[in-house]
Amino acid sequence: LGVKYENFSNPSTQIDNGSSITGWAGTGDAGTPVLDSVVYKTGSSSIRFPVTLSGNTATFTFTNFSITDVYYQSKYFFVYVYFPSLPTTVTLKFGVNATNYLSAAVTTQFSGQPFKSGDWNLLAIDLNTATATGTISTSSVFAYEEIIITTVTTANYYVDSSYLKQ
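First, a word on what this report is: a plain description of the structure on this page. Within any chain, residue numbers begin from 1 and follow the written order of that chain's sequence. Confidence filtering applies because this is a predicted model: local features only for residues at pLDDT of at least 70, side-chain atom pairs given and counted only at 80 or more, and all residues used for totals across whole chains, interfaces and linings. By convention in this description, side-chain values take in all heavy atoms of the structure and omit both hydrogens and water.

### Observations concerning the overall build of the protein chain
What the protein chain contains, in helices and strands, is zero helices and 14 strands. Every helix listed is a DSSP run of H or I at least four residues long, and every strand listed is a run of E at least two residues long, numbered separately from the N terminus. Across the protein chain, helices and strands are ordered from the amino to the carboxyl terminus as β-β-β-β-β-β-β-β-β-β-β-β-β-β. It is over C-alpha atoms that the radius of gyration is taken, and the globule rule equals 2.2 Å times the number of residues to the power 0.38. In terms of C-alpha radius of gyration, the protein chain reaches 16 Å, essentially the compact-globule figure of 15 Å for 166 residues. Each principal axis of the C-alpha distribution contributes one length, and for the protein chain these read about 60 × 40 × 30 Å. Exposure is judged per residue with a 1.4 Å probe applied to protein chains only, and the accessible area is read against the type maximum: over 50% gives exposed, under 20% gives buried, and values in between give partly exposed. For the protein chain, buried positions account for 43% of its 166 residues. Relative to all contacts within the protein chain whose residues are 6 or more apart in sequence, the contacts with residues 24 or more apart total 77%. A positive count includes Lys and Arg, and a negative count includes Asp and Glu. His and the chain ends are not counted in either. For the purpose of locating charges, the reference atoms are NZ of Lys, CZ of Arg, CG of Asp and CD of Glu. Within the protein chain, one finds 7 positive and 10 negative side-chain charges whose respective centroids are separated by 6 Å. Residues count as neighbours in contact if any of their non-hydrogen atoms are within 4.5 Å of one another.

Shown next, in the form of structure tokens:
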């Protein structure tokens, strides 16, 4: 009796690699994004968001990409985020624009481990089970990524690589 192992190499689709602030914006408690070449997870830089506590929520939005993927429902949306302190909840959105997207609340890292303060956290949502708002279809052109962090502190938050992967 033999067992055949197949190499199921599923390449990822890069959304952002943290090498430019073009397309990034901060709202709520988040300030203007800055390219940071000291604190990063992959490559040689990340996007730093200075956060000043006022409303307890910081939102980081990225819109400088365009992806069409008829198989999006079989994938996860991943993003690396550095938390200086532990958030209560993180909501990830991935979609066409601010009114047509898939979203889910994330309360742990993708591995199932709790969030880590003062460290990088790999966050992900399953695009098949995420909540749809507006219209999303296999012909949609995805061009919107948003990270909403609840219970923030006055500190720098960082975002690095984001991608789709099966």
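### Some words on the packing of aromatic side chains
Ring pairs are drawn from Phe, Tyr and Trp, using the six-membered ring of Trp, whenever the two centres fall within 6.5 Å, and their geometry is named by plane angle: stacked under 30 degrees, edge-to-face over 60, tilted for the rest. The final tally for this structure, using the stated rule, is 18 aromatic pairs. Judged by centre distance (6.5 Å) and plane angle (40°), the ring pair of Y101 and Y144 falls under tilted. Of this pair, Y101 sits in strand β9 (residues 100–106) while Y144 sits in strand β13 (residues 144–150); the two residues are 43 residues apart in sequence, bridging distant segments of the chain. Y101 gets classed as buried once you look at its relative accessible area, which sits at 11%. Residue classification places Y144 among the buried residues on the basis of a relative accessible area of 6%. An aromatic cluster is defined as three or more aromatic residues linked by ring pairs; in this entry it consists of W24, F49, F60, F62, F65, Y72, F77, F94, F142 and Y157.

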